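What follows is the residue order along each chain.
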Amino acid sequence: MNSRFWRAFMTFGRTLQELTRLCGVKRCNLADALGYDPSYISRWVNGVKLPALRNNDELFMKIAAYLTENTDPDVRARIAGQFNLECDDLTDRAFSGALASMLAATLAEERKKRAPAPEKTGRENAMIGPVKDIALFPESIFTALQQMPPAKRLDMICTTPIHIQFKNNDSFFGRVTDILPAGTELRVIQFIDMDDFGSRTDISCRSFCYLIGLGKKIRYEFYGARLDRTGYVYLIRDGLLLQYIREPFSKEVHLLESGDRNIIDRYCSSADAYIRDRLPAAKAVNIKQLMEKQYFLDFLIQPHCRCLLDRMQPFFLPDSLKKKFIAMHPELAGEMQLFFNGSDFFESVLIYQLALVDYIYTGRLMVMGTLIEVPPEDRLQHLKNMAAQLKRNPEQVYILSTQNKICNYDDLSVSVFTNQHTAFAMNLRGGQNQPVYSISGSAMIRQLNMWLNHMQKLPSEQCLTGQEAADYIARCIHLL
């Protein structure tokens, strides 16, 4: 069968089906190599769906490389003859390149046949309607997610101020993760208008800490930007654009929804170009990455270190207990030694009352994401050393009420570490697999420090320090 006859009758799906048959490759194995669900490959083969326009060249190179890797020389010769491949030889590089070019050409021809005339402008599938509460998420987001092709990662781009989302994100992402296939990671690229963030320091910082503690399936990246306050955007890559628009005359808020790929791709390209040469204000990493980049070490040598703890950590441990814990966990000796030595540099530690009570009754102590069970006699020794330290430096410990006007305990699922130049936050409840957020944006670090300043100035009924904190720890010691 010559190439011209083949191109006239074979679709992209049929071409891919014939190639996998000749190479003896299973669709499930090809899907695994590409990072797709097998059902998505079946849609290509059956002509139900075509590959997305984004990253087509990379996709075809991956398909061609996998087929080439699993094809014997005699089969390559048969394929080259049947498809009239334009390659001088059958080496891996030449054969793979010819396959990728043929797949690209076949898809381009099929798209021409399927293309509507005239081309859509986006108005045909855009809707606009009034909105009463922009903190509510429209059902069209969940519908779009259900129609998205399976992938290892899904991107959402948001410009809505994070304090508007806040706890609504809990139920929202609960539904999102139920819809997404198992193994799909959700990356949320959140743009922050730092002027807006700074004008609402307490609620914005509280929202920030709440959002990054939502779980390991959701990875946030935060970027500072100057945003137009007349409209907010939610963008699901390849799937949906939602833009909140404030009508200029009535000042009412309307929601524009569009699934037009031209519009969506333009928004995504603009967002990608904006962040390409910028460092994120906060980015998810893991504890190992934090250590490898010496971020933690750099943090400890900077002045004015302090932290806000939602779980008890090994501050104020006597040397005898430090040595004991290292001996009990030799696999974590390096991390523990670094933390123990660095903890002496913290000028103030803010800890929630409930976190302290939990430690007293359960003995659960967190060390860089690892849980250590502390027996009662060691807890007693630890608390006595903490009380002694508080007598030497009355303002080194702040015990926060579980309910206070700045940040309630239920609103925090991370421990925050700051100094003048760096900061990071850890979700210690979920162990070492939970993401750690390194915070490098100077404006964000300034706001977090201002937030902690506000906490340290809370009235005594909401925050204990000095003799009041010492008395509270003394009562805790009596409980043991």
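Because the structure is a prediction, the values reported are computed rather than measured.

Visitor: Account for the overall build of the protein, with residues named and values stated.
Guide: From N to C terminus, the protein includes 21 helices and 17 strands. Counting across all 480 residues of the protein, residues that qualify as buried make up 52%. The averaged location of the 54 negative side-chain charges in the protein is 2 Å from the averaged location of its 57 positive side-chain charges.

Visitor: I'd love a proper account of the nonpolar core, names of residues and values included.
Guide: The biggest cluster of nonpolar side chains holds 117 residues, and the ones touching the most others in it are Phe208, Leu308, Phe417, Trp451 and Met455. Setting aside residues no more than four positions away along its own chain, leucine 308 makes contact with Leu350, Tyr352, Leu400, Leu412, Val414, Ser415, Val416, Trp451, Leu452 and Met455. Within the second largest apolar cluster, 33 residues are counted, among which are Leu16, Val25, Leu67 and Val75.

Visitor: Outline the side chain of aspartate 411, supporting the account with residue identities and numerical values.
Guide: Residue placement: aspartate 411 occurs in the loop between β13 (397–400) and β14 (415–418). Beyond its immediate stretch of four places on either side in the chain, aspartate 411 contacts Phe166, Lys167, Arg206 and Tyr210.

Visitor: Help me get a handle on the packing of aromatic side chains, residues and values and all.
Guide: Applying the stated criterion across every chain yields a total of 13 aromatic pairs. Ring geometry for phenylalanine 191 and tyrosine 274: centres 5.7 Å apart, planes at 70 degrees, overall edge-to-face. Placement of phenylalanine 191 in strand β3 (residues 185–193) and of tyrosine 274 in helix α13 (residues 261–276) is noted, with a sequence separation of 83 residues between them. Using a relative accessible area of 6% as the deciding quantity, one classes phenylalanine 191 as buried. Given a relative accessible area of 27%, tyrosine 274 falls into the partly exposed group. On the basis of an interplanar angle of 10 degrees and a centroid distance of 5.2 Å, the ring pair of tyrosine 220 and phenylalanine 222 is categorised as stacked.

Visitor: Pulling in residues and values, what's your account of helix α20 (residues 442–456)?
Guide: Relative to the 21 Å expected for 15 residues at 1.5 Å per residue, α20 spans 21 Å between its end C-alpha atoms, a close match to the ideal helical length. Where α20 is concerned, the buried positions are Met444, Ile445, Gln447, Leu448, Asn449, Trp451, Leu452 and Met455.

Visitor: Explain the pairing of strand β2 (residues 153–158) to me, using residue names and the numbers behind them.
Guide: With 5 of 6 residues buried, β2 lies mostly within the body of the structure. As paired elements, β2 and β3 share 6 bridges and run parallel to each other. Note on β3: the bridge partner recorded for aspartate 155 is arginine 187. Relative to strand β5 (residues 231–236), β2 runs antiparallel, the two sharing 3 bridges. Looking at β5, one finds that methionine 156 is bridged to isoleucine 236.

Visitor: Got a sec to walk through unusual backbone geometry? Specific residues and values, please.
Guide: The phi torsion at asparagine 84 lies on the positive side, around 55 degrees, for a residue other than glycine. Its place among the elements puts asparagine 84 in the loop between α6 (73–83) and α7 (92–114). Overall, the relative accessible area of 47% leaves asparagine 84 in the partly exposed class.

Visitor: So what about the pattern of salt bridges? Which residues, and what values?
Guide: Taken as a whole and assessed by the stated rule, the structure comprises 16 salt bridges. Its salt-bridge partner being aspartate 238, residue arginine 261 comes within 3.4 Å of it at the nearest N-O pair. Highlighted residues: arginine 261 in helix α13 and aspartate 238 in the loop between β5 and β6 (240–246), separated in sequence by 23 residues. Its relative accessible area of 18% is what places aspartate 238 among the buried residues. A salt bridge links aspartate 378 to lysine 324; the shortest N-O distance between them is 2.6 Å. In this pair, aspartate 378 is assigned in helix α19 (residues 376–392) and lysine 324 in helix α16 (residues 319–328), connecting sequence segments 54 residues apart. One continuous salt-bridge network, built from bridges that share partners, spans Arg153, Asp155, Arg187, Glu221, Arg237 and Asp272.

Visitor: Tell me what's going on with helix α3 (residues 27–34), and back it up with residues and numbers.
Guide: Turning to α3, its buried residues are Leu30, Ala31 and Leu34. Summarising the axial view, the buried residues of α3 lie within an arc of 100 degrees, below the 170-degree limit, and thus occupy one face. On its buried face, α3 sits against α2 (12–23), α4 (38–45) and α5 (56–69). Glycine 35, located one to two residues past α3, shows a positive phi value of around 85 degrees.

Visitor: Tell me what's going on with the packing of α3 against α4, and back it up with residues and numbers.
Guide: Interaxial distance between α3 and α4 falls to 8 Å at its minimum, and their mutual angle equals 110 degrees. Looking at the two axes, α3 sits roughly perpendicular to α4. The element α3 and its partner α4 pack so that their crossing is right-handed. In this structure, α3 contributes Arg27, Cys28, Leu30, Ala31 and Leu34 to the contact, and α4 contributes Pro38, Ile41, Ser42, Trp44 and Val45. Classifying every residue of the contact of α3 with α4 by side-chain character gives 8 nonpolar, 1 polar and 1 charged.

Visitor: Describe the environment of proline 73, listing the residues and the values that go with them.
Guide: Mapped onto the elements, proline 73 comes out in helix α6. Proline 73 sits in the exposed class, given a relative accessible area of 62%. It is 58 Å that separates the C-alpha atoms of proline 73 and methionine 444, two residues lying 371 residues apart in sequence.

About the criteria used
- Residues numbered from 1 in each chain as written.
- Predicted model: local features only at pLDDT ≥ 70, side-chain atom pairs only at ≥ 80, totals over all residues.
- Heavy atoms only, no water.
- Helix = DSSP H or I, 4+ residues; strand = E, 2+ residues; numbered from the N terminus.
- Buried < 20%, exposed > 50% of the residue type's maximum accessible area, 1.4 Å probe, protein only.
- Lys, Arg positive; Asp, Glu negative; His and termini not counted.
- Charge placed at Lys NZ, Arg CZ, Asp CG, Glu CD.
- Core = buried A, V, L, I, M, F, W, Y, C linked by side-chain atoms within 4.5 Å.
- Contact = heavy atoms within 4.5 Å.
- Phe/Tyr/Trp six-rings, centres within 6.5 Å; stacked < 30°, edge-to-face > 60°.
- Expected span 1.5 Å × (residues − 1).
- Pairing = 2+ DSSP bridges.
- Salt bridge = Lys/Arg side-chain N within 4 Å of Asp/Glu carboxyl O.
- Arc of directions from axis to C-beta.
- Axes fitted to C-alpha atoms, helices over the stretch in contact; angles between N-to-C directions.
- Parallel < 35°, antiparallel > 145°, perpendicular 65-115°, else oblique.
- Left-handed = near helix turned anticlockwise from the far one by under 90°.
- Nonpolar A, V, L, I, M, F, W, Y, C, P; charged D, E, K, R; others polar.

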